[in-house]
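Listed below are the residues making up each chain.
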Amino acid sequence: GQQVMQIPQYQHVQEGEDFTTYCNSSTTLSNIQWYKQRPGGHPVFLIQLVKSGEVKKQKRLTFQFGEAKKNSSLHITATQTTDVGTYFCAGGPYNQGGKLIFGQGTELSVKP
Amino acid sequence: EPEVTQTPSHQVTQMGQEVILRCVPISNHLYFYWYRQILGQKVEFLVSFYNNEISEKSEIFDDQFSVERPDGSNFTLKIRSTKLEDSAMYFCASSYLTGSYEQYFGPGTRLTVT
């Protein structure tokens, strides 16, 4: 079946270092979304990418969608302790009723 | 800001019992979803619902599961005969449109089957 793989599973960084998580889908996606989940919390929408090769920025966060619409990345510049949490990519297949296929998530910890 | 609400926050039930998890989606949203997350694992899609019918479901969503929108505001997930492996956090989500639109997640119901 359709799968979305995400690496790494864990990332421990020193505050101020950069962080990147990568996502790869087994099938072409109509869109990819990124969510952040704090410990004990629920997924919170960060951004959505729709177009091939699209790049979007939100302050220190940069999101990319690959040309083939099968891979994506999230890069955080100069991490802060408030960035702590698990970052999930979620792929939206074509014509599947809004279904999102989540990656396994990357748990980010930031040491002050 | 409008939000999705879910009740109860925690449900403990015995194996074989029926449970109903309740959600109130955002009022002008048209698409509704259930996901589950086993502790420490990824979020898994269960079902999507639009116009009073299921539009997509996963292999997890077998005959033991059903969804309903009994009135204009509630969206429910019923598990007919719970199993130990149904223990998970269940998230409801809603979106205004489907496809390339963000989904707003509720806080979740933690279901514990003993």
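The structure we're discussing is the one just above.
Everything numeric here is computed off the predicted structure, so don't read it as measured data.

For the rest of this paragraph, the subject is the overall build of chain A. A tally of helices and strands in chain A yields 0 helices and 11 strands. The secondary structure elements of chain A, listed N-terminal to C-terminal, are β-β-β-β-β-β-β-β-β-β-β. For chain A, whose C-alpha radius of gyration is 13 Å, the value lies close to the compact-globule estimate of 13 Å for 112 residues. Along the first, second and third principal axes, the C-alpha atoms of chain A reach 45 × 30 × 20 Å. For chain A, the residues scored as buried account for 50% of the 112 residues in total. The long-range fraction of contacts in chain A, counting pairs at least 24 apart against all pairs at least 6 apart in sequence, stands at 54%. Within the structure as shown, chain A displays about 5300 Å² of accessible surface, and the carbon and sulfur contribution to it stands at 50%. When the 11 positive and 7 negative side-chain charges of chain A are each reduced to one mean point, those points stand 8 Å apart.

What follows is about the sheet that holds strand E3 (residues 19-25) of chain A. All names here are of chain A. The strand order across the open sheet formed by 5 strands is E1-E3-E8-E7-E6, and the pairing between neighbours is antiparallel. Only two strands of the sheet have a single neighbouring strand rather than two, namely strand E1 (4-7) and strand E6 (55-58). With strand direction ignored, the average angle separating the axes of adjacent strands in the sheet is 15°. Direction of pairing for strand E7 (residues 61-65) relative to strand E8 (residues 71-76): antiparallel, over a ladder of 5 bridges. Bridge pairing links Leu-61 to Ile-76 in E8.

The biggest cluster of nonpolar side chains holds 21 residues, and the ones touching the most others in it are Trp34(B), Leu46(B), Phe61(B), Val67(B), Phe75(B), Leu77(B) and Tyr90(B). Only strand E3 (19-24), strand E4 (31-37), strand E5 (43-50), strand E7 (65-68), strand E8 (75-79), strand E9 (88-95) and strand E11 (109-113) of chain B provide two or more residues apiece to this core. Aside from chain neighbours lying at most four places away, what touches Val67(B) is Trp34(B), Val47(B), Phe49(B), Ile54(B), Phe61(B), Phe75(B), Thr76(B) and Leu77(B). Listed in part, the 20 residues of the second largest apolar core include Leu49(A), Phe65(A), Tyr87(A) and Ile101(A).

On to the pairing of E8(A), then. Residues and elements named next belong to chain A. Here 6 bridges tie E3 to E8, and the two strands are oriented antiparallel to one another. Bridge pairing in E8 links Cys-23 to Ser-72. Between E7 and the antiparallel strand that follows it, E8, lie 5 residues; Lys-69 among them carries a positive phi value of about 55°.

With 20 residues of chain B in contact, the opposing surface of chain A contributes 20 residues. Our count for the chain B to chain A interface comes out at 0 salt bridges. Here chain B and chain A share 4 residue pairs in polar contact (both at pLDDT 80 or more) between them. Elements with a contribution of two residues or more to the side of chain B that touches chain A: E4, E5 and strand E6 (53-57) of chain B.

Residue and element names in this part refer to chain B. Evaluation of the coordinates by the stated rule reveals 2 disulfides over all chains. A disulfide bridge connects Cys-23 with Cys-92, and the sulfur atoms are separated by 1.9 Å. Taking the sign of the S-S torsion, about -65° here, the bridge from Cys-23 to Cys-92 comes out left-handed. Of the two residues, Cys-23 is situated in strand E3 and Cys-92 in strand E9; the sequence distance between them amounts to 69 residues. The same class applies to Cys-23 as to Cys-92, namely buried.

Here Ile7(A) and Pro8(A) are connected by a cis peptide whose omega angle stands at -5°. Tracing the backbone through its elements, the reader meets Pro8(A) in the loop between E1 and strand E2 (10-14). For the bond running from Thr7(B) to Pro8(B), omega is -10°, close enough to zero to count as cis. With respect to the secondary-structure elements, Pro8(B) resides in the loop between strand E1 (5-7) and strand E2 (10-13). Positive phi, normally seen in glycine, also occurs at Ala78(A), with a value near 50°. A relative accessible area of 30% means that Ala78(A) is categorised as partly exposed. Of note in this structure, Asn51(B) is not a glycine but carries a positive phi near 55°. You can see Asn51(B) is positioned in the loop between E5 and E6.

Turning our eyes to something else, we now look at the sheet that holds E3(B). All names here are of chain B. The 4 strands lie next to each other as E1-E3-E8-E7, forming an open sheet whose pairing is antiparallel. Of all the strands in the sheet, the pair left with one neighbour each is E1 and E7. Averaged over all neighbouring strand pairs, the angle between strand axes comes to 20°, with direction disregarded. Two strands pair when backbone bridges link them, and E3 and E8 are joined in this way by 5 bridges, in the antiparallel orientation. Pairing of Leu-21 across the sheet is with Leu-77, part of E8.

What counts and what doesn't
- Residues numbered from 1 in each chain as written.
- Chains lettered and ligands numbered in written order.
- Predicted model: local features only at pLDDT ≥ 70, side-chain atom pairs only at ≥ 80, totals over all residues.
- Heavy atoms only, no water.
- Helix = DSSP H or I, 4+ residues; strand = E, 2+ residues; numbered from the N terminus.
- Rg over C-alpha atoms; globule rule 2.2 N^0.38 Å.
- Buried < 20%, exposed > 50% of the residue type's maximum accessible area, 1.4 Å probe, protein only.
- Contact = heavy atoms within 4.5 Å.
- Areas by Shrake-Rupley, 256 points an atom, 1.4 Å probe, with all protein chains shown as cover.
- Lys, Arg positive; Asp, Glu negative; His and termini not counted.
- Charge placed at Lys NZ, Arg CZ, Asp CG, Glu CD.
- Pairing = 2+ DSSP bridges.
- Axes fitted to C-alpha atoms, helices over the stretch in contact; angles between N-to-C directions.
- Core = buried A, V, L, I, M, F, W, Y, C linked by side-chain atoms within 4.5 Å.
- Salt bridge = Lys/Arg side-chain N within 4 Å of Asp/Glu carboxyl O.
- Polar contact = N/O pair within 3.5 Å; in protein donor to acceptor, adjacent residues only side chain to side chain.
- Disulfide = S-S within 2.5 Å.

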